[in-house]
Protein chains: 2
Amino acid sequence: MEAALTLVGNGRHFASLGIREVTRQAEVVPTSFYRHFTNMDDLGLQLVDELAVVLRQMMREARSNVVQAEKLMDESVAIFITHVQANRNFFTFMAQGLAGESQAIQEGIRSEMQFFASELASDLRRLRLDEHLSDADLYMTCDLVVRTVAFSLTDILAVSPQDDEQLNRIRQQTTQFLRLIFVGADHWVSH
Amino acid sequence: MEAALTLVGNGRHFASLGIREVTRQAEVVPTSFYRHFTNMDDLGLQLVDELAVVLRQMMREARSNVVQAEKLMDESVAIFITHVQANRNFFTFMAQGLAGESQAIQEGIRSEMQFFASELASDLRRLRLDEHLSDADLYMTCDLVVRTVAFSLTDILAVSPQDDEQLNRIRQQTTQFLRLIFVGADHWVSH
DNA sequence: CCTCTATGTGCACAAGTGTTCACATCTTGT
DNA sequence: ACAAGATGTGAACACTTGTGCACATAGAGG
């Protein structure tokens, strides 16, 4: 799995990886592959499971680090970018999987994002923000937030990890997006 | 190119396609491939060029069909979904390319989206909507709109083309997203 | 009509691929 | 210490792959 991630991080697309290629990178004989996975899709699915762990760690850190609502967005986005940098290959795999060729992997990532959105909604409720929103409208807002951040993933991955200037631009842009969404949520009237 | 699109529409990922595979689908001998392209990346780039045409057609249709600002969003989203259905393979290719393995293809699609966003900004200016927004803020809003719609692409492509119920749900959801964004834009204060 | 260019073909080759099987080795619980 | 299960190995197989070459054909402009 680590070998596959390395290849993905090296510019390859997961869908184009072969068994022999992965085992070569893992410095293991091709036959060994079958001791752990039945095919590449299987490996991908297990990667999704590990991705879930990475995302939850990130969520935990965001929860404990965000103190006041004022800087909520700036800090969350900053934490997101930090985690993407620290797990670049994982997040590359995630970005690829969103439109990948395995429907199962796609669903896995998608459901992980939904989970993230509902957790975010709970958190906002707990912080007593956006109290005028119905549950459905709050969830919709969070869904849009998660999508926006997920999309900015492709921006982050497209620039070199050392290019702090560009990263800063992306960070500000993403924060602006979220700000815009929450201004919308503040003035939202259901119907 | 058509053969490649067919394979992509059949569930394959563009990055995993081989020359022989494509020529087989095109009912042509592998050697013929080299008469038109130097490698698969080259083919992909030409697909991006054609994608640009498809997108511009869609934009043109949206411009001519949207009459009053009231139903602007509903109609635009509806047109988008119609075009995705009519060019499913093209849009699947686009969704894949956003996190694909060819950096050139990625940039092509990305720049196409930017172009779309700036055209949208011009249109809104022309319709005298959101006049209180600075150019930069208006562009940011349009960028977010384009990203949101692009993301909903993955939703559309994930459901069967005949599943009208799900498609309707996606249509409504996307429209809600846009509505939320524009409510935000309405109350946006620059700083 | 005839030539030139674009496109398609058949064949060949070396290299890479997924998967199998029988056999070796390591790790772990008792 | 030892049995058992998990993991790794090497050789082998039938295919598929990308790409090069010499040759055929078709269509268009003079």
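Bear in mind the structure is a predicted one, so any value in this text is a computation, not a measurement.

Caption draft 1: Summary view of the relation of the copies chain A and chain B. Once chain A has been moved 0.0 Å along the axis and rotated by 180°, it coincides with chain B to within an RMSD of 0.0 Å. The two molecules are tied by a two-fold rotation axis, judged by turn and shift. Identified as the residue of chain A closest to the rotation axis by C-alpha distance is Gly184 of chain A, at 1.7 Å. Interface overlap between copies: 100% of the residues of chain A at the interface are likewise at the interface in chain B, consistent with a symmetric, same-surface contact.

Caption draft 2: Spatial organisation of the protein's contact with DNA strand D. Around DNA strand D lies a shell of 14 residues, among which Thr31, Arg35 and His36 of chain A together with Arg20 and Arg24 of chain B are the nearest. For DNA strand D, the fraction of protein-proximal atoms (within 4 Å) that sit in sugar or phosphate groups is 36%. The backbone of Val29 of chain A places a nitrogen or oxygen atom 3.3 Å from a phosphate oxygen of DNA strand D. In the environment of DNA strand D, a phosphate oxygen lies 2.8 Å from a nitrogen or oxygen atom belonging to the side chain of Tyr34 of chain B. Counting residues per element, the ones that place at least two in the surface near DNA strand D are helix H3 (33–36) of chain A together with helix H2 (19–25) of chain B. Here the element with the most residues in the surface near DNA strand D is H2 of chain B; it accounts for three residues. Partitioned by chemical class, the residues of the surface near DNA strand D number five nonpolar, five polar and four charged.

Caption draft 3: Spotlight on the protein's contact with DNA strand C. Taken together, 14 residues form the shell around DNA strand C, and within it Arg20, Arg24 and Tyr34 of chain A together with Arg35 and His36 of chain B come nearest. The sugar and phosphate moieties of DNA strand C supply 34% of its atoms located within 4 Å of the protein. Note that a phosphate oxygen of DNA strand C is positioned 2.6 Å from one of the side-chain N or O atoms of Arg24 of chain A. One of the backbone nitrogen or oxygen atoms of Val29 of chain B is found 3.3 Å away from a phosphate oxygen of DNA strand C.

Caption draft 4: Representation of the interface of chain A and chain B within the structure. Counting residues at the interface gives 39 residues for chain A, matched by 39 residues for chain B. Taking both sides of the interface into account, the surface hidden between chain A and chain B amounts to around 3,400 Å²; carbon and sulfur atoms contribute 66%. When residues of chain A are sorted by the area they lose upon contact with chain B, Arg147, Phe151 and Leu180 of chain A head the list and together hold 21% of the total. Joining chain A to chain B, the criterion identifies six salt bridges. The salt bridge partner of Asp155 of chain B is Arg110 of chain A, with a shortest N-O separation of 2.6 Å. Put simply, chain A and chain B have 13 residue pairs in polar contact (both at pLDDT 80 or more) between them. Put simply, the parts of the chain that give the side of chain A that touches chain B at least two residues each are helix H6 (88–97), helix H7 (103–126), helix H8 (135–158) and helix H9 (164–186) of chain A.

The rules behind the values
Residues numbered from 1 in each chain as written. Chains lettered and ligands numbered in written order. Predicted model: local features only at pLDDT ≥ 70, side-chain atom pairs only at ≥ 80, totals over all residues. Heavy atoms only, no water. Least-squares fit on C-alpha atoms with pLDDT ≥ 70 in both. Contact = heavy atoms within 4.5 Å. Near = heavy atom within 4 Å. Polar contact = N/O pair within 3.5 Å; in protein donor to acceptor, adjacent residues only side chain to side chain. Helix = DSSP H or I, 4+ residues; strand = E, 2+ residues; numbered from the N terminus. Nonpolar A, V, L, I, M, F, W, Y, C, P; charged D, E, K, R; others polar. Buried area = accessible area lost by both parts, 1.4 Å probe. Salt bridge = Lys/Arg side-chain N within 4 Å of Asp/Glu carboxyl O.

Bear in mind that shape data such as this cannot, by itself, settle questions of function.
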